[in-house]
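# Descriptive structure summary
Single-letter residue listing:
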Amino acid sequence: MAFWLDKGPADAALSWTRLEPKIRQSYLDAFHSSGKRVLVSAFGETDHPTMNDVDPVECAQRLAEFVIEYGFDGADIDYEDNRAMHLGKAEDWVISIMKTLRLHLPSPQFIISHAPQPPMFTKNKEFYPKGGYTTIHKNVGHLIDFYNVQFYNQGATTKYETCQTLLFDSGTHTPGTALFQIAEMGVPLEKLVVGKPMHPNGTTSSGYMDSRYLATCIEQAKKYGWAAGIMGELVIYYLFLFPKSNTSITCQKKRMEL
């Protein structure tokens, strides 16, 4: 559920906090009874905590408190402070927030996932001089349950729109960032979830694949031992029932991760 920002909840997460506790708990019960877990997504493309000099320990403490107060089963760290990553400032920040989060949200009671962009795993040190998510995984990968890798919206140079570039060889611009290439760098296959837009409107630049073609890629991946699953992003209309009224509903267009 998006988003928790450094300044506080926004979008669907904000609406979640405005529900009456009994209503919110009824939704949680319904999700849990069907075997689902509910996570809040933190940061996203509009939040740049490292470049804004946010203290990672204090930030992690506030996020953990939010998770516990509003009944979430964990958090998904959608870190997109790309300038910090390019400057080599991101790795230590993410490592620090992850260590603190896991102290307050212990496993297996809570899930902590990350949603990196695949170029953040690149071998090209010109992009990320301190190693990007490869360095992060080496230090705190054992604390992360899985990665929702966003194989979309990476521009025209690395589109991840064929089985070859998605699974086996990402090309020369951001080398080593296809699914199995990331695994070769030491990230377990069972932790690598393939993130894809489920509709052309779910992408702002590239990465959409027709579902039937994507299914053939998934079948190929399974033959090579991958079975972590897919994270689908949709731009959809959805309804919120606000707690101050029993009759009015608000329809909004938002980007949702399913």
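Everything in this summary refers to the structure shown in the same document. Please read all numbers here as calculations on a predicted model, not as lab measurements. Counting from 1, residues in each chain are numbered in the order their sequence is written. In view of the model being predicted, local features appear only for residues whose pLDDT reaches at least 70, and side-chain atom pairs are presented and counted only at 80 or more, with totals across whole chains, interfaces and linings using the full set of residues. Derived side-chain values reflect all non-hydrogen atoms in the structure, with water molecules and hydrogen atoms excluded from consideration.

### Section: the packing of helix α3 (residues 56–69) against helix α5 (residues 90–104)
What counts here: Only C-alpha atoms enter the line fits that serve as axes; for helices the fit covers just the stretch in contact. Angles between N-to-C directions range over 0 to 180 degrees. In this description a helix means any DSSP run of H or I spanning at least four residues, a strand means any run of E spanning at least two, and both kinds are numbered starting from the N terminus. When an angle is under 35 degrees it counts as roughly parallel; over 145 it counts as roughly antiparallel; between 65 and 115 it counts as roughly perpendicular; any other value is oblique. Two helices cross in a left-handed way if the nearer one is turned anticlockwise from the farther one by less than a right angle. They cross in a right-handed way if the turn is clockwise. In what follows, a contact means two residues having at least one pair of non-hydrogen atoms within 4.5 Å.
Where α3 contacts α5, the axes come no closer than 8 Å and their chain directions differ by 40°. What the angle tells us is that α3 and α5 run oblique. The crossing of α3 and α5 is right-handed. Across from P56, V57, C59, A60, Q61, L63, A64 and I68 in α3, the residues of α5 making contact are W93, S96, I97, T100, L101 and H104.

### What to know about the packing of aromatic side chains
Our working definition: Pairing of aromatic side chains requires ring centres within 6.5 Å, counting the rings of Phe and Tyr and the six-membered ring of Trp. Pairs whose planes differ by under 30 degrees are stacked, by over 60 edge-to-face, and all others tilted. Working definition: with a 1.4 Å probe on protein chains only, accessible area under 20% of the residue-type maximum means buried, over 50% means exposed, and in between means partly exposed.
Per the counting criterion, the structure on display carries 15 aromatic pairs. Look at F43 and W93: their rings are 5.9 Å apart centre to centre, the planes differ by 70°, and that puts the pair in the edge-to-face class. Remark: W93 occurs in helix α5 and F43 occurs in strand β3 (residues 39–44); sequence separation between them is 50 residues. The same class applies to F43 as to W93, namely buried. Centroid distance F168 to Y224: 5.6 Å. Interplanar angle 70°. Geometry classified as edge-to-face. Here F168, found in helix α7 (residues 163–168), pairs with Y224, found in the loop between α9 (211–223) and β8 (230–241); they are 56 residues apart in sequence, far enough to count as distant. Members of the aromatic cluster, joined through ring pairs, are W16, Y27, F66, Y70 and F72.

### Topic: the pairing of strand β4 (residues 74–79)
Residues in a regular strand point their side chains to alternate faces of the sheet. Inclusion rule: Here, any two strands with at least 2 DSSP bridges between them count as paired.
Counting buried positions along β4 yields six of six residues, so the element is predominantly enclosed. Neither face of β4 is exposed, since G74, D76 and D78 on one face and A75, I77 and Y79 on the opposite face are all buried. In this sheet, β4 lies alongside β3 in parallel orientation, the contact comprising six bridges. Each residue of the ladder has a partner; that of L39, found in β4, is G74.

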